[in-house]
Amino acid sequence: MGLSNDGKLNQLLKGLPEGVAASSSWLKARGVSAQLARKYVMSAWLSKLGRGSYALPGSPVKWQGALLGLSRLDGLELHIGGISALNRSGDGHYLPLGGEAAIHVWCGRKLPSWVGHLHLQPALKMHYTKLFHDSVGQTGLTMMPTGVRDWQLPISTPERAIMEVLSEVDATPGSFVYASELFEGLTVLRPAMIQQLLAGCTRVKVKRLFLFLATYHRHPWLKRLDVSAIDTGSGKRQIVKGGHLDKAFQITVPESFIVN
């Protein structure tokens, strides 16, 4: 099959960088049917990654290429967040020598099944909880290079990433302490961005935890927040099972965090 007489293949090669996963639906939208895709695979113009996904032969598809396929090609709204974002901003403290076990990704809807056939290392750890109201929009998101052409991926800034971490704090003291140690290093957050994110946060737990830890660690930017404008709900909240109640923020915390 020659490139000179196959316009669909020429278009495909221009629009699909090496190392990026392309779904069969994306190919179909460009006139490449399942039958034609099989012919391209047989002619070594395409590699089949698994059921429903393809790539150009040569470069392996890593997690960046999978996310680029989802976001740039299929138009799925997603971003790298939580501890994965903090690691990339230099604010994570626990990056193993062997690399991350998972890349934490926030997404508005379930991923298509073809992603599961990629067997990515590190794996994608998906989070589907809606943490912010629509009014927040792109606040707290920036773009990171991927090494694929000039294509980039959305990623949380430290202000948004730490709130994503707090949303995952469970009832164990260890989870609380881990989040606190990450929070301790965030001494230069931007108050205006924090204000907007806290105002638009849908989780009372996250807002109370954030304000508690900011107070506990005495971060200087806390003084520039209008805490009275942030709705933190009413009543007590159990964060740590069997923990002690912090009266100011009405949450249970490990005993070591109670300041007399």
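How each quantity is defined
- Residues numbered from 1 in each chain as written.
- Predicted model: local features only at pLDDT ≥ 70, side-chain atom pairs only at ≥ 80, totals over all residues.
- Heavy atoms only, no water.
- Salt bridge = Lys/Arg side-chain N within 4 Å of Asp/Glu carboxyl O.
- Buried < 20%, exposed > 50% of the residue type's maximum accessible area, 1.4 Å probe, protein only.
- Helix = DSSP H or I, 4+ residues; strand = E, 2+ residues; numbered from the N terminus.
- Contact = heavy atoms within 4.5 Å.
- Polar contact = N/O pair within 3.5 Å; in protein donor to acceptor, adjacent residues only side chain to side chain.
- Core = buried A, V, L, I, M, F, W, Y, C linked by side-chain atoms within 4.5 Å.

A. Focus on the pattern of salt bridges. Scanning the model with the defined rule gives four salt bridges in all. Residues Asp134 and Lys130 are paired through a salt bridge, measuring 2.8 Å at the closest nitrogen-oxygen approach. The exposure class assigned to Asp134 is exposed, which follows from its relative accessible area of 64%.

B. Just the environment of Thr146, in detail. Along the chain, the position of Thr146 falls in the loop between β7 (141-145) and β8 (152-156). Taking relative accessible area as the criterion, Thr146 reaches 15% and is therefore assigned buried. Taking C-alpha positions, Thr146 is 8.3 Å from Gly65, a pair spaced 81 residues apart along the chain. Ignoring any residue separated from it by four or fewer positions in sequence, one finds Thr146 in contact with Gln64, Leu68, Trp151, Gln152 and Leu153. Polar contacts involving the side chain of Thr146 include one to the main-chain amide nitrogen of Val148, which spans 3.2 Å.

C. View of the nonpolar core. Leu124 and Phe210 are the most contacted members of the largest nonpolar core, which totals 81 residues. Among the elements that make up this core, the one with the highest residue count is helix α9 (residues 204-216) (seven residues). When near neighbours in sequence (up to four residues on either side) are disregarded, Phe210 contacts Ile162, Met163, Leu166, Phe183, Leu189, Ile194, Leu198 and Trp221.

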